[in-house]
Every structure is written in structure tokens, then in C-alpha cells.
Amino acid sequence: MTTERIRLFGIEIDPLTREQAVDRVYAWIENPDGKCRFVVTPNVDHTVMLQHHATFRKAYDDADLVLVDGMPVVLASRMLKKPVPERVTGADLTIDLLAAAARKERRLSVFFLGAADGVANRAVNNVERTWPDVYAVGAYSPPIGFQNDEQENDRILAMIDSANPDILVVGLGAPKQELWVHAHQDRINARVALCVGATIDFLAGEKSRAPLWMQNYGLEWCHRVMTEPKRLAARYAHDAWMFPKLVWCEWWYDTRA
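Okay, so let's go over this structure.

So, how was this worked out
- Residues numbered from 1 in each chain as written.
- Predicted model: local features only at pLDDT ≥ 70, side-chain atom pairs only at ≥ 80, totals over all residues.
- Heavy atoms only, no water.
- Core = buried A, V, L, I, M, F, W, Y, C linked by side-chain atoms within 4.5 Å.
- Buried < 20%, exposed > 50% of the residue type's maximum accessible area, 1.4 Å probe, protein only.
- Contact = heavy atoms within 4.5 Å.
- Helix = DSSP H or I, 4+ residues; strand = E, 2+ residues; numbered from the N terminus.
- Polar contact = N/O pair within 3.5 Å; in protein donor to acceptor, adjacent residues only side chain to side chain.
- Phe/Tyr/Trp six-rings, centres within 6.5 Å; stacked < 30°, edge-to-face > 60°.
- Lys NZ or Arg CZ within 6 Å of the ring centre and 35° of its normal.

Topic: the nonpolar core
Judged by nonpolar contacts, the single largest core of 43 residues is most densely connected at Phe 9, Leu 113, Leu 168, Trp 180, Val 181, Ile 188 and Phe 243. Contacts of Leu 168, omitting those with residues within four sequence positions, involve Phe 111, Leu 113, Ile 160, Ile 188, Ala 190, Val 192, Ala 193 and Leu 194. Val 25, Ile 29, Leu 108 and Val 127 belong to the second largest nonpolar core, which has 35 residues in total.

Spelled out as C-alpha cells, the structure:
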């Protein structure tokens, strides 16, 4: 399956549906080529950050699959005549992949890296109870600042190497998760790494996603601000100011091209 990428806000985006994205990831799992493929899911915050964060942009440039998470980015793509078929969040992609194991008649092995201490283990319990065809081969919540500790990184990579998972679910938050996977891609012994933010928290029941109607109307960001105002309010206010400027600039350059 080949689909030409769309260039939007300086990002090369794969215009896939959720079903197509699942098929793409399973094709990599079932036909490994010796490298760890990795997936990123840009939302508005990522899009704004990528304009000035060179190392983050490099990670995005090298990502094997780039799926739009944020509904404002989906709507902007349509307004700019570069339409993305639908929103594919990191959480939705992860859940779709876990659920597809039974349909594809294969055992799917998963390693969870991230979230607070103990949360990844609760995610393991919930996942194995919900999807019997999925089994967790490891879960680890790294300490703060681990990415700067060479010995800790070696230990984590050794755990993943020993587990040899089909999928590595990385929930460290952006840009840390993308930078870590990109920096260690050659040493990660997994078929695919998913950089998917709060997904481990969702699977563990530590955090709740927005009601479905809010997700469908692109208001999940509002739910997250209401549930984590101290952490997210300032960031989302900044993004709400910057993102329309990016859309205008994209439109301006396209009309002059």
C-alpha cells in the first residue's frame, strides 16, 4: 500500500485512515526488515513546536509514519486543499492495533515504556484482560531525566532487547518521546515504536479521554485543559495564538507558489 505524503506546515504527513494506518503497521510487524519503524502523531502543539525545534523536526523528518492527531490540523488541511482523510490519534491507533490482533489471528507482543510509576503495569493488566490475543512482554516507568543518563538508557534498551516486542508503546510526552526513539532507533529491538503521549495513562485508567461527542467535534483539547488546567492551559493558549498564524502563512505561500 503506497500513499503519497502531503507536505503541510513543514511536515510530511501520511494521509491515511485509521484502518489503513493499522494495516501499514501490521505489514511492518509481519514483514520485519531488521529496523525499528516509528510512528508520530502531530497535533497543534507539535505543529507549533516543530517551527523552532530543529532536533524535534529531524525526528519528524525521519519518522516512518506521520498521522494527524489534532482535529484543527485536519480542518486546516482541508481548508488549504491538502486534505487528510481523518484524525488518527495515538490512543486510537494503539487501541485499534491491539483490537486487530484477534482479527488478524496472531499473538501481538507489546512493551509499555512511560507514565508514572506503576501506571504502565496497570495498563498491562487492563490490556491483557480486554484483548486476550495481546500479551505484554514488559512495562517500565523511567525516572525523571533518564534520557540524559547513559547507563539508564542502556538498561532500558537491554530490557526491550530481551523482550523483543512487536510494538513498543512510548508514552513520555512530546518532544521527549520522539527525541528518545529517534536517538536510539538503531538499538531498539522492536518492530514498531509508537510515540503516543498519554495513551498508557488512558489504558491504565489513570486519565480519562473526552466523551466521544467531544472527540468527534474536535474538542478533546478542551476536555484535557479542564482536567489538567495547571499543566496545559498556558500551552494551549500559546498554541491557539500561534496556530492560526501558521495556517495563514501556509495559505500565503501556497497562493504565491
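What follows picks up the thread again.
A few points about the side chain of Glu 228
Positionally, Glu 228 belongs in the loop between helix 11 (220–227) and helix 12 (229–256). Here the side chain of Glu 228 touches Lys 207 through a polar contact of 3.4 Å, side chain to side chain. The residues contacting Glu 228, other than those within four sequence positions of it, are Lys 207 and Ala 233.

Remarks on the packing of aromatic side chains
Geometry of an aromatic ring pair is reported as the spacing of the ring centres plus the angle between the planes. On inspection of all chains with the given rule, the structure shows 4 aromatic pairs. An angle of 85° between the planes, with centres 5.2 Å apart, marks the rings of Phe 56 and Tyr 60 as edge-to-face. Within this pair, Phe 56 and its partner Tyr 60 are both found in helix 3 (residues 54–62), separated by 4 residues, close to a single helical turn. Neither residue differs from the other here; Phe 56 and Tyr 60 are each classed as buried. Consider the rings of Trp 248 and Trp 252, whose centres lie 5.4 Å apart with planes at 15°: the pair is stacked. In this pair, Trp 248 and Trp 252 are both assigned in helix 12, 4 residues apart and thus about one turn of the helix distant. Cation over ring: Arg 209 sits above Phe 202, and NZ or CZ is 5.9 Å from the ring centre. Across the ring face of Trp 252, the terminal group of Arg 256 is positioned such that the distance to the ring centre comes to 3.8 Å.

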